[in-house]
Amino acid sequence: MEERMKELATGTFHQVDMEGGTSFELPGVRGRMERLEFNSGVVLYRVEYQSLEDCTIEVQNSFDQPWLGSAMHLQGRSELTHPNGNTYSLNQDAALLMRVDASGSRFQLTEGQLIRHVGVATTLASLKERLGGALPDRLSLFDDDTFGEFQAGQSFAPSPRLRLLGGQLFDAHARGTCRSMKLEGIANLFLAEIIELFCTEVDEDDSMIVWENQALSDVHEYCRNNLDGDLSLQALAKVSGLTESRLDQLFRNKYHLSCAEYIRNERMVFANQLLEEEQLPIKLVAAKVGYNHVSNFSRAYKSRYGESPARTQRRVVSQS
């Protein structure tokens, strides 16, 4: 299957073969795109590219029937404008659930951005079948049997678990003999997580008594201010006044991650910020996010962002 991309500044059309992965160079952009379609009906998009100048790229829709898709940047920022003019910001703090039948969605890129993007989509017919014959009520805004002109999008904050699953679509989980099986499993989890995030209306804080909710907030703030310190479950249980098992349970209820997974995610986000915005040495960055050994930090960072800290550092320097 082919995805047509158009660089609007020059009017030149580019054909990009998404099946199996394709490297491409457009005026002002270079990178790699991949479209993988699985037997479950789920389609995975993995995109990694760098903008060499300010530019706008137009993408053609590859579905020929009603569908539902998700989009999230694991790294970088861009503006996505649908053909009807509605614009959405894509970054690590803004995920998007959408259906755009018409071709012509445009990504506006700024010079120097490295974009690492994941998207998972499926037809509405397939999704309904997998969900027992009907969509959840909140997805009704995307449920229109007519195809061709329908356009809708809703942005919202991704959960730490969604970010973790997105990262796994780029790391070692996405390699090896059983690569396709692993990618399909993670892609299904990603789509399920983003749908549940969008559809869940119950306030998860209702499962906590008032003082537990405050204790979890205190732990959250403590973690943000002490990423270089001891953030073990045992240490945080002492800070919160909760038992280790209860604190871990509250993290799972609130963030859909264990306490350890949540801490690792926060550390990697801060590390990426230090490398890209402050351009600190890798050894210093590792120390600031609680790693005594650079090798351990590098493995964790690559698992989260799909590139080593050294590569991030070289890229930032080359753009200076």
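How each quantity is defined
- Within any chain, residue numbers begin from 1 and follow the written order of that chain's sequence.
- Where totals are concerned, whole chains, interfaces and linings use all residues; where local detail is concerned, this predicted model gives features only for residues with pLDDT of at least 70, and gives and counts side-chain atom pairs only at 80 or more.
- Side-chain measures here rest on the full set of heavy atoms in the structure, leaving out hydrogens and waters.
- Every axis in this analysis is a line fitted to C-alpha atoms, fitted for helices over the stretch in contact. Angles between the N-to-C directions lie between 0 and 180 degrees.
- Helix and strand assignments come from DSSP, with helices taken as H or I runs of at least 4 residues and strands as E runs of at least 2, each series counted from the N terminus.
- With respect to orientation, any angle under 35 degrees is reported as roughly parallel, any angle over 145 as roughly antiparallel, any angle of 65 to 115 as roughly perpendicular, and every other angle as oblique.
- Should any heavy atoms of two residues lie within 4.5 Å, those residues are considered in contact.
- All residues other than Ala, Val, Leu, Ile, Met, Phe, Trp, Tyr, Cys, Pro, Asp, Glu, Lys and Arg, Gly among them, are scored as polar; the first ten of these are nonpolar and the last four charged.
- Between any two strands, at least two bridges found by DSSP are needed for them to pair.
- Only buried Ala, Val, Leu, Ile, Met, Phe, Trp, Tyr and Cys residues count toward a nonpolar core, and they belong to the same one when joined by side-chain atoms within 4.5 Å.
- Accessibility here uses a 1.4 Å probe with only protein chains present; expressed as a share of the type maximum, an area under 20% marks a residue as buried, one over 50% as exposed, and anything in between as partly exposed.
- Note on ring pairs: Phe, Tyr and Trp rings are taken, using the six-membered ring of Trp, and paired if centres are within 6.5 Å. Classes follow the plane angle, with under 30 degrees stacked, over 60 edge-to-face and the rest tilted.
- In our convention, an over-ring charge means Lys NZ or Arg CZ found within 6 Å of a ring centre and within 35 degrees of that ring's normal.
- Multiplying one less than the number of residues by 1.5 Å gives the expected span of a helix.
- Here the arc refers to the set of directions running from the helix axis out to each C-beta atom.
- Two helices crossing with the near one rotated counterclockwise from the far one by less than a right angle form a left-handed crossing, whereas a clockwise rotation gives a right-handed crossing.

### Here we look at the packing of helix H7 (residues 259-278) against helix H9 (residues 294-305)
For step 1, the next point in the chain: Closest axis-to-axis distance for the H7/H9 pair is 10 Å, and the angle between their directions is 90°. Of the possible angle classes, the one that applies to H7 and H9 is roughly perpendicular. On the side of H7, the interface is formed by Asn265, Met268, Val269, Ala271, Asn272 and Leu275, while H9 contributes Phe297, Ala300, Tyr301, Arg304 and Tyr305.
For step 2, the next point in the chain: The class makeup of the residues in the contact of H7 with H9 is eight nonpolar, two polar and one charged.

### What to know about unusual backbone geometry
Comment: phi is negative for the bulk of residues other than glycine, and the bulk of peptide bonds are trans.
For step 1, the next point in the chain: Phi angles above zero are rare outside glycine, and Gln279 is one such case at about 55°.
For step 2, the next point in the chain: You can see Gln279 is positioned in the loop between H7 and helix H8 (282-288).

### Some remarks on the pairing of strand E4 (residues 29-37)
For step 1, the next point in the chain: Across nine bridges, the pairing between E4 and strand E5 (residues 42-51) is antiparallel. Of the residues in E5, the one forming a bridge with Gly31 is Tyr49.
For step 2, the next point in the chain: Connecting E4 to the antiparallel partner E5 that follows it, the hairpin turn spans four residues, and Gly41 within it adopts a positive phi of roughly 95°.

### Describing the nonpolar core
For step 1, the next point in the chain: Core analysis: the biggest nonpolar cluster contains 32 residues, and Leu44, Leu68, Leu97, Leu139, Ile194 and Ile195 have the highest contact counts within it.
For step 2, the next point in the chain: Of all the secondary structure elements, the ones that give two or more residues to this core are E5, strand E7 (67-75), strand E10 (95-100), strand E12 (114-123), helix H1 (124-130), strand E13 (151-156), helix H2 (160-168) and helix H3 (179-199).
For step 3, the next point in the chain: The dominant element in this core, judged by the number of residues it contributes, is H3, at nine residues.

### A look at the packing of aromatic side chains
For step 1, the next point in the chain: Scanning all chains against the criterion turns up six aromatic pairs.
For step 2, the next point in the chain: Ring centres of Phe142 and Phe198 lie 6.1 Å apart, and the angle between their planes is 55°; on these two criteria the pair is classed as tilted. Separated by 56 residues along the polypeptide, Phe142 in the loop between H1 and E13 and Phe198 in helix H3 bring together distant segments of the chain. Accessibility assignment for this pair places Phe142 and Phe198 in one class, buried.
For step 3, the next point in the chain: Lying over the aromatic face of Phe150, Arg99 brings its terminal NZ or CZ to 4.3 Å of the ring centre.
For step 4, the next point in the chain: Against the face of Phe198 rests Arg138, its NZ or CZ located 4.3 Å from the ring centre.

### Let's talk about H9
Count 3.6 residues to each turn of an α-helix, and residues three or four apart come out pointing the same way.
For step 1, the next point in the chain: Compared with the 16 Å implied by 1.5 Å per residue over 12 residues, the 16 Å span of H9 between its first and last C-alpha is a close match.
For step 2, the next point in the chain: All buried positions along H9 are accounted for by Phe297, Ala300, Tyr301, Arg304 and Tyr305. For H9, the angular spread of buried residues about the axis comes to 115°, placing them on one side.
For step 3, the next point in the chain: Where H9 terminates, the next one or two residues include Gly306, which has phi positive at roughly 80°.

### Structural notes on the packing of helix H4 (residues 210-225) against helix H5 (residues 233-240)
For step 1, the next point in the chain: Here H4 crosses H5 at 125°, and the two axes come no closer than 9 Å. In terms of orientation, H4 and H5 fall into the oblique class. For H4 against H5, the interelement crossing comes out right-handed. Contact with H4, carried on its side by Trp211, Ala215, Val219, Tyr222 and Cys223, involves Leu236, Val239 and Ser240 of H5 and no other residues of that element.
For step 2, the next point in the chain: Residues that form the contact of H4 with H5 fall into these classes: seven nonpolar, one polar and no charged.

### Topic: H5
For step 1, the next point in the chain: Turning to H5, its buried residues are Ala235, Leu236, Ala237 and Ser240.
For step 2, the next point in the chain: On the buried face of H5, the contacting elements are H4, helix H6 (244-255) and H7.
For step 3, the next point in the chain: Downstream of H5 by a residue or two, Gly241 has a phi angle that is positive, lying close to 80°.

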